[in-house]
Amino acid sequence: SPSNYPYQIPLACAPLDTTADRPSNPPYICEICETKFGRETDLKRHKRTTKKHSPPSGPACTEPGCKHPARFTRVDNFKHHFKKQHRKTGDEADAFIADWRAREEPGF
């Protein structure tokens with residue numbers, strides 16, 4: 001029987017109850033495209049970064065010969081691109097982003 005079993009299931013192996021984290025009817029809906037979100041922060045990010053609703057306002061890659069010269073919608077996506085496609089370090093990517101922010105968002 002389970003009560004005679006000398007070991008308990010490690011917490012990392014126990015099934016997680018995530019039902020409380022996800023409401024059955026997402027309360028946040030984009031009024032433009034009707035995409036549904038469970039959290040208000042996700043809806044706000046969607047409105048700010050979705051190409052359907054606004055042009056991309058993130059950094060553009062300036063590496064010579066880059067196949068993705070268009071602006072990115074999110075800084076984290078640009079950073080991933082810069083590191084993976086151009087084999088840059090996280091510090092190099094962060095420096096590029098800091099320079100870009102200084103030019104694009106004075107006072108940031």
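Residues numbered from 1 in each chain as written. Predicted model: local features only at pLDDT ≥ 70, side-chain atom pairs only at ≥ 80, totals over all residues. Heavy atoms only, no water.

Caption draft 1: Highlighting the packing of aromatic side chains. Scanning the model with the defined rule gives 4 aromatic pairs in all. For the pair Phe-82 and Phe-96, a centre-to-centre distance of 5.1 Å together with 40 degrees between the ring planes defines the contact as tilted. Of the two residues, Phe-82 is situated in helix 2 (residues 75-86) and Phe-96 in helix 3 (residues 90-104); the sequence distance between them amounts to 14 residues. Both residues of the pair, Phe-82 and Phe-96, belong to the buried class. Connected via pairs of aromatic rings, a cluster forms that spans Phe-72, Phe-78, Phe-82 and Phe-96. (Phe/Tyr/Trp six-rings, centres within 6.5 Å; stacked < 30°, edge-to-face > 60°. Helix = DSSP H or I, 4+ residues; strand = E, 2+ residues; numbered from the N terminus. Buried < 20%, exposed > 50% of the residue type's maximum accessible area, 1.4 Å probe, protein only.)

Caption draft 2: The side chain of His-86, seen in detail. Inspection of the secondary structure puts His-86 in helix 2. Within the structure, the side chain of His-86 is placed 3.2 Å from the side chain of His-81, a separation counted as a polar contact. Discounting chain neighbours no more than four positions away, the residues touching His-86 are Cys-61, Glu-63, Cys-66 and His-81. (Polar contact = N/O pair within 3.5 Å; in protein donor to acceptor, adjacent residues only side chain to side chain. Contact = heavy atoms within 4.5 Å.)

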